[in-house]
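Below, each chain spelled out in residue letters.
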Amino acid sequence: ELIRGRMHEVALQHDASRVVQAAIQFGNDSERREVVKELCTKGNLPELAKFQYSHFIVLKIIKYCAQDAQSVQLLCKALKGHIPKLAVHAVAARVVELLMSTFDDKQTQALKLEFYGPHFSLFAPDAPSKTKPSLKLCLQQSPDKKPPTLQFVVSILNKGIEKGLLGFVYLQQLFAEYVDVATPNDIRAIAASVVDHSIHLLSTRPGTNVVASLASYGTAKDRKRIMKSLKGYTRSSLLHRDAYLAILRLVTVTDDTVTVFKTVLAELLANPDDEEDQDKSPLLDIATDDNGSKLLLVLLAKSDEAAKRYLDPVTEQPMMHPNPTIVENGQETPTSKKNPDTRRKELLQHLQKPLVHLCSNHANLLLRSTPGCRVLKEVYSRFRSGQVVDAVVAECVATVTTGEDSLFEDRTGHGALKQLVLADTDDGVEPNFSSAFASEFKGKLHNVASSSRGCFVLASLLKVLAVRDDVLLELRKHKKSIVKASDKSKVKAGFDAILKAMSN
């Protein structure tokens with residue numbers, strides 16, 4: 001009763017505005033609706049969103065009235081036509097952020113179209129479309145509007161960059177949509193103004209895609225500035241659900257491998273300050289993480305094509321274009337001059353010793369981890385280290401001796417051993433692991449063949465010509481016991497594989 005009819009005036013006062021906030025937070029649905037109706041129809045809601053104290057009222061409305069369709073409709077109608085200015089206002093940006101993250105796509109569809117320019121917002125259909133609006137979709141429908149639309153979007157992005165608003169998700173999403181439709185030259189043009197703020201973009205997948213694109217099409221100087229922005233955050237970024245992709249792209253397109261190692265990769269070779277076990281390899285948490293391990297896998301892979309098997313072409317789309325280009329003097333020019341294989345070799349010079357140490361000291365953990373066993377296999381394939389071979393064979397012997405948690409019966413472990421053996425079937429390589437394994441288990445291969453998964457390992461061992469004859473001779477001596485074990489087992493796929501391999 002005290003504030004009815006004077007809500008807008010009260011809302012603008014730094015102390016009395018809390019009264020309106022309380023009315024929204026603690027009032028019932030009808031009281032909240034009355035407050036929203038007065039502020040939206042008789043007051044100036046966009047003005048309230050811009051003031052330090054009154055913008056908290058708008059935030060309360062969004063938070064506590066999100067389930068009331070009438071209040072949502074009033075709020076969106078009051079803000080319509082003001083979104084581009086509010087989105088780049090130091091205070092009102094918080095309102096836009098909460099609005100876009102709280103209301104669903106249908107409710108905010110008309111407001112989101114305002115990011116793309118007056119043409120799309122003024123001529124938007126009254127009924128919300130079933131398709132989520134995006135810059136790419138709008139330009140497909142009106143290709144003749146592309147130049148003014150992109151100019152409008154860039155003006156919003158530049159204002160947001162100047163005011164330090166890149167931490168807001170809605171601006172990162174808009175930036176990602178712009179990068180998706182802009183030319184490589186346009187991306188390079190805007191890169192210089194944003195690369196110093198790269199760390200603020202890594203909290204979301206859209207923001208990460210922006211940084212990845214800036215790294216792809218930016219200049220060598222832009223890439224150095226990105227690395228400087230991310231310095232000290234390499235480990236946490238690689239372990240993040242989204243940010244790892246920016247590190248991955250940056251490392252794979254930057255020609256200055258010395259700077260990449262000193263600024264980005266060197267951090268990974270030191271144990272975190274809170275790590276109590278100093279004997280633990282600093283690369284272990286990276287190697288056993290689904291996302292972090294991809295950096296090691298891409299560097300260890302023998303080619304860009306080989307690296308792609310570890311990447312998702314949908315969610316990790318920026319990595320699917322290994323040689324980004326821009327147009328200079330009418331010709332397509334690569335943004336990276338160095339051969340990818342040369343880049344990998346130069347970076348691996350710094351990482352070889354730590355990677356071998358990782359695999360030889362933590363073979364058991366890596367063999368039982370899906371991302372870890374991939375790293376172990378690539379390290380072996382790349383370096384053919386005797387230390388790694390000895391460590392893996394020792395783990396195999398230990399699990400057979402104790403009879404507990406056998407690697408040969410482990411779902412991940414047996415597959416890891418199989419891949420290590422198959423790595424010895426490549427042309428021109430020394431079968432170090434297969435030879436050491438066959439030698440260590442000579443006279444004991446029937447123990448490995450006692451389980452279906454163990455049989456898969458032995459079946460792959462028969463594909464290595466250097467050890468095939470000796471292994472086959474020993475297995476044939478125990479064929480009856482293998483058949484007997486197969487009859488008793490409910491899972492027969494492994495037994496069938498080894499018996500078939502023995503008969504060939």
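Residues numbered from 1 in each chain as written. Predicted model: local features only at pLDDT ≥ 70, side-chain atom pairs only at ≥ 80, totals over all residues. Heavy atoms only, no water.

In this section: the overall build of the chain. When its secondary structure is counted, the chain shows 34 helices and two strands. Taken against the 2.2 N^0.38 rule, which gives 23 Å for 504 residues, the C-alpha radius of gyration of the chain at 30 Å runs more than 25% over that of a compact globule. Each of the three principal axes of the chain carries a C-alpha extent, and together these read 95 × 60 × 50 Å. Every one of the 504 residues in the chain was classed for burial, and the buried ones make up 51%. Long-range pairs, those at least 24 residues apart, make up 69% of the contacts in the chain with a sequence separation of at least 6. With the model as given, the accessible surface of the chain reaches about 24,400 Å², and the carbon-plus-sulfur share is 50%. On the chain, the mean spot of the 67 positive side-chain charges and the mean spot of the 59 negative ones are 3 Å from each other. (Helix = DSSP H or I, 4+ residues; strand = E, 2+ residues; numbered from the N terminus. Rg over C-alpha atoms; globule rule 2.2 N^0.38 Å. Buried < 20%, exposed > 50% of the residue type's maximum accessible area, 1.4 Å probe, protein only. Contact = heavy atoms within 4.5 Å. Areas by Shrake-Rupley, 256 points an atom, 1.4 Å probe, with all protein chains shown as cover. Lys, Arg positive; Asp, Glu negative; His and termini not counted. Charge placed at Lys NZ, Arg CZ, Asp CG, Glu CD.)

Structurally, the position occupied by Ser336 is in the loop between β2 (331-334) and α24 (340-361). Among the polar contacts listed, one links the side chain of Ser336 to the backbone oxygen of Val253, at a separation of 2.5 Å. If we skip the residues at most four places from it in the chain, Ser336 touches Arg223, Val253, Asp255 and Arg343. (Polar contact = N/O pair within 3.5 Å; in protein donor to acceptor, adjacent residues only side chain to side chain.)

Take the pattern of salt bridges next. A full pass over the atoms with the stated rule returns 19 salt bridges. One salt bridge connects Arg344 with Asp341, and the closest N-O pair in it is separated by 2.6 Å. Here Asp341 and Arg344 lie together in helix α24, a separation of three residues that amounts to about one turn. Arg344 sits in the buried class, given a relative accessible area of 5%. Among the charged side chains, a network of salt bridges with common partners joins Asp196, Asp222 and Arg225. (Salt bridge = Lys/Arg side-chain N within 4 Å of Asp/Glu carboxyl O.)

An ideal rise of 1.5 Å per residue puts 32 Å on 22 residues; α24 measures up with 30 Å between its terminal C-alpha atoms. The largest bend in α24 is about 50°, located at Leu351, with the proline Pro354 one to four residues further on. For α24, the full list of buried residues reads Pro340, Arg343, Arg344, Leu347, Leu348, Leu351, Leu355, Val356, Leu358, Cys359 and Ser360. The backbone nitrogen of Asp341 has a side-chain oxygen 2.8 Å away, supplied by the residue at the start of α24, namely Asn339. (Expected span 1.5 Å × (residues − 1). Bend = angle between axes of the 7 residues up to and from the residue.)

A surface patch of like charges, here positive, comprises Lys50, Lys85, Lys159 and Lys163. Mapped onto the secondary structure, Lys50 falls in helix α4 (residues 45-50). (Patch = residues over 30% accessible without salt bridge, like charges linked within 9 Å, V, L, I, M, F, W, Y side chains within 5 Å.)

Our focus in this paragraph is the packing of aromatic side chains. Throughout the structure, instances matching the rule amount to seven aromatic pairs. Ring geometry for Phe168 against Tyr170: centres 5.9 Å apart, planes inclined by 25°, an arrangement best described as stacked. No difference in accessibility class separates Phe168 from Tyr170, as the two residues are buried. Three or more aromatic residues joined by ring pairs make a cluster, and in this case those are Tyr380, Phe408, Phe433, Phe437 and Phe441. Seen from the ring of Phe441, Lys444 lies directly overhead, with NZ or CZ sitting 5.8 Å from the centre. (Phe/Tyr/Trp six-rings, centres within 6.5 Å; stacked < 30°, edge-to-face > 60°. Lys NZ or Arg CZ within 6 Å of the ring centre and 35° of its normal.)

Despite not being glycine, Asn329 shows a phi value in the positive range, around 55°. Along the chain, Asn329 falls in the loop between β1 (325-328) and β2.

This paragraph deals with the environment of Lys294. By the element assignment, Lys294 lies in helix α22 (residues 293-300). Given a relative accessible area of 13%, Lys294 falls into the buried group. When the C-alpha atoms of Lys294 and Ala192 are compared, they prove to be 28 Å apart, with 102 residues separating the residues in sequence. Not counting residues within four places of it along the chain, the set of residues in contact with Lys294 comprises Tyr244, Leu248, Tyr310, Leu311 and Glu316.

Now for the pairing of β1. The sheet contact formed by β1 and β2 spans four bridges and is antiparallel. The partner of Glu328 across the bridge, within β2, is Gln331. Connecting β1 to the next strand, β2, in antiparallel fashion are two residues, including Asn329 with a positive phi near 55°. (Pairing = 2+ DSSP bridges.)

Checked against the element boundaries, Ser369 lands in the loop between α25 (363-367) and α26 (370-383). By relative accessible area, Ser369 is classed as buried at 12%. Ignoring sequence-local partners within four residues, the contact set of Ser369 consists of Thr288 and Thr412.

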